[in-house]
Amino acid sequence: MSTALDADKKNAFAEKMIGVLNHSVLALMTALGHRTGLFDAMDRFALHATAREIAAEAGLSERYVREWLGAMVTGGVVEYDPSGHTYYLPPEHAELLTREAPGNMAASAQWVAVLGSAEDELVKAFAHGRGVRYGAYNRFHEVMAEESARTVVAALHELILPVVPGLIGRLAAGIDVLDVGCGSGLALIALARAFPDSRFVGYDLSPEAVRAARAEAARWGVPNVRFEDRDLTNLNEHAAYDLVTAFDAIHDQAQPDRVLANVRAALRPDGAFLMQEIAGSGHLAGDLKHPLAPFLYGISCMHCMSVSLAYGGPGLGAMWGRERALAMLRDAGFGEVDVRELPHDLVNYYYVARPV
Ligand SMILES: C[S@@+](CC[C@H](N)C(=O)[O-])C[C@H]1O[C@@H](n2cnc3c(N)ncnc32)[C@H](O)[C@@H]1O
């Protein structure tokens, strides 16, 4: 090791690492605040409240709530008045932390624990290189469904559907729609409810996700949507759909090239493929200024790349990037591709691809 260390550089990095330690645990505590309903409970108080009052409002143990509040106060999430030992969640923070808030980042904080649940398998995978299977992750589909409710379902009508010109009119008139890698099916169910004359199908590899999707569809009583646990690698449907959607479901495939070719074959000649994919540049140097780059590369390493590798795939990773996505769409038989960025979603590109 070199003896000529730059002391200022070392101190600055030590400060950064202290921030990393604080923020990593704060993320876990934020996820707990979401899951236990503590942020929602605090938001119902217009003024400062004691730990006992907050615990009573949330129906939780006061001792746990007080310790949680300690992390929230020292972490700058909750304000504290030492004179009366009272706590306050400012509305500006509540806008980013409560269930009702469209930009709820507390729900996204759950990813830290989801990824951590596979740590032992990941440590082994770093050595053997063969990836980690879906089953290793605790609560993956549940957290994914919450993410999807915010980034896809909430923006479907106003922002996402208009990306495909004329689509809303066609959906209203009645078309066939397939969602590949549909997960818990929230997007498809929202579409099926909004467009009763169209027919919707969702396929996903995970029986657990498909069970959740079917239960949700039954809860809403929507007759025009069905879900099946199917591997898209063997889709084998031809000119059957007017629209195929893929929300965050291509880069983690075991055979993404084959799935894209299957999607192309499943589309009717005037159909469209709407693909939501992570907005990486495809080059590490190009991602340096991305505000969420470490988060996205981390999720990619600990999940997206790993699950693809586990099933014999190329492990494209979440940050595979626009250039590669466009090249793969071209190779799969798509012609014109429109790539859009939407204001509600800093993380994804929306590709609209049409058969040649
Ligand atoms: C990141 S999740 C996205 C889920 C959903 N589209 C959403 O936005 O909530 C990717 C989904 O693709 C599914 N998947 C991966 N490979 C698949 C395959 N070969 N066939 C079917 N589904 C697959 C996974 O089970 C997972 O539910």
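Small disclaimer: the values here were computed from a predicted structure and weren't measured.

*Asks:* Please explain the overall build of the chain as it appears in this structure.
*Replies:* Counting its regular elements, the chain contains 16 helices and 10 strands. The C-alpha atoms of the chain give 22 Å as radius of gyration, which agrees with the globular expectation for 356 residues (21 Å, within 12%). Overall, the C-alpha framework of the chain stretches about 70 × 60 × 35 Å when taken along its three principal axes. For the chain, the proportion of contacts with a sequence separation of at least 24, taken over those separated by at least 6, is 68%.

*Asks:* Explanation requested: the packing of aromatic side chains in the structure shown.
*Replies:* The geometry of an aromatic ring pair is captured by the separation of the ring centres together with the interplanar angle, meaning the angle of the planes. Applying the stated criterion to the full structure yields seven aromatic pairs. Pairing Trp111 with Phe140 gives two aromatic rings, centres 5.6 Å apart and planes at 50°, and the pair type is tilted. Here Phe140 lies in helix α9 (residues 140-151) and Trp111 lies in helix α7 (residues 110-116), a separation of 29 residues in the sequence. Comparing Trp111 with Phe140 shows no difference in burial state: the two are buried. Seen in terms of ring centroids, Tyr134 and Phe140 are 6.3 Å apart; in terms of plane orientation they differ by 55°. Their pairing is tilted. Residue Tyr134 is classed as partly exposed on the basis of its relative accessible area, which comes to 26%. Members of the aromatic cluster, connected to one another through ring pairs, are Trp111, Tyr134, Phe140 and Tyr311.

*Asks:* I keep staring at the site of the ligand and nothing clicks. Help me out?
*Replies:* By nearness alone, 19 residues border the ligand, and Gly181, Asp204, Asp231, Phe247 and Gln253 come closest of all. Here Leu232 contributes a backbone N or O atom positioned 2.9 Å from a nitrogen atom of the ligand. Relative to its unbound accessible surface of 590 Å², the ligand loses 96% to contact with the protein. The greatest single-element share of the shell around the ligand, amounting to four residues, is contributed by α9. By residue class, the composition of the shell around the ligand is seven nonpolar, seven polar and five charged.

*Asks:* Which parts of the structure should I look at to understand the nonpolar core?
*Replies:* One recurring pattern in soluble globular proteins is that nonpolar side chains are buried together. Ile160, Leu171, Leu191, Phe200, Val225 and Phe227 are the most contacted members of the largest nonpolar core, which has 33 residues in total. Secondary structure elements with two or more residues in this core: α10 (156-160), α11 (167-173), α12 (186-194), α13 (207-220), β6 (225-229), β7 (241-247), β8 (267-278) and β10 (345-355). Setting aside anything within four residues of it in sequence, one finds Phe200 in contact with Leu171, Val177, Leu188, Leu191, Ala192, Phe195, Asn224, Val225 and Arg226. With 29 residues, the next largest nonpolar core counts Val201, Leu235, Met275 and Val339 among its residues.

*Asks:* Can you help me understand the domain arrangement of the chain in this one?
*Replies:* One frequently used descriptor of interface size is the decrease in accessible area upon assembly of the parts. Per the domain assignment, the segments making up the chain are domain 1 (7-100) and domain 2 (113-355). When each unit is reduced to the centre of its C-alpha atoms, the spacing between domain 1 and domain 2 is 33 Å.

*Asks:* Quick question: what am I supposed to make of the sheet that holds strand β1 (residues 49-50) here?
*Replies:* Read across the open sheet, the three strands follow the order β1-β3-β2; overall the sheet is antiparallel. A strand with exactly one partner marks an edge of an open sheet, and here the two such strands are β1 and β2 (79-81). Pairing between β2 and strand β3 (residues 86-88): three bridges, direction antiparallel. In the strand pairing of β3, Glu79 is matched with Tyr88.

*Asks:* Can you walk me through the pattern of salt bridges in this structure?
*Replies:* Pairing between side chains of opposite charge can happen when their charged atoms approach one another. Applying the stated rule across the entire model yields 15 salt bridges. Between Arg44 and Glu57 there is a salt bridge, with the nearest N and O atoms lying 2.5 Å from each other. In this pair, Arg44 sits in the loop between α2 (38-43) and β1 while Glu57 sits in helix α3 (residues 51-58), placing the two residues 13 residues apart along the sequence. Using a relative accessible area of 36% as the deciding quantity, one classes Glu57 as partly exposed. Arg268 is the partner of Asp176 in a salt bridge, and the nearest nitrogen-oxygen pair spans 3.0 Å. Of the two residues, Asp176 is situated in strand β4 (residues 176-180) and Arg268 in strand β8; the sequence distance between them amounts to 92 residues. Relative accessible area serves as the criterion here: at 15%, Asp176 is assigned to the buried category. One salt-bridge network, in which partners are shared between bridges, spans Arg170, Asp176, Arg199, Asp242, Arg268 and Asp270.

Parameters and conventions
Residue indices follow the written sequence of each chain, beginning from 1 at its first position. A pLDDT threshold of at least 70 governs which residues receive local features in this predicted model, and a stricter bar of 80 or more applies before side-chain atom pairs are shown or counted, although totals over entire chains, interfaces and linings include all residues. Side-chain measures were taken over the full set of non-hydrogen atoms in the model, leaving aside hydrogen atoms and water. We count a stretch as a helix when DSSP gives it H or I for four or more residues in a row; a strand needs E for two or more, and each element gets its number in order from the N terminus. With the radius of gyration taken over C-alpha atoms, the globule rule is written as 2.2 Å times the number of residues to the power 0.38. Contact criterion: two residues are considered in contact whenever any of their non-hydrogen atoms come within 4.5 Å of each other. The pairing test for Phe, Tyr and Trp rings, Trp by its six-membered ring, is centres within 6.5 Å, and the orientation test on the planes gives stacked under 30 degrees, edge-to-face over 60, and tilted for anything in between. Between buried and exposed lies partly exposed: a residue is buried under 20% and exposed over 50% of the maximum accessible area for its type, with that area taken using a 1.4 Å probe on protein chains only. Each residue is tested against the molecule or strand, and it is near if at least one of its non-hydrogen atoms lies within 4 Å. Here a polar contact is recorded for every N or O atom pair within 3.5 Å, except that within protein the pair must consist of a potential hydrogen donor and a potential acceptor, and residues adjacent in sequence are included only if both atoms are side-chain atoms. A 1.4 Å probe and the Shrake-Rupley method give the accessible areas. Residues count as covered only by the protein chains that appear here. Think of it as three bins: nonpolar holds Ala, Val, Leu, Ile, Met, Phe, Trp, Tyr, Cys and Pro, charged holds Asp, Glu, Lys and Arg, and polar takes everything else, Gly as well. Residues belong to a common nonpolar core when they are buried Ala, Val, Leu, Ile, Met, Phe, Trp, Tyr or Cys residues joined through side-chain atoms within 4.5 Å. Residue ranges labeled as domains rest on an automatic or database domain assignment. Any two strands are treated as partners once DSSP identifies two or more bridges connecting them. Salt bridge criterion: a side-chain nitrogen from Lys or Arg within 4 Å of a carboxyl oxygen from Asp or Glu.

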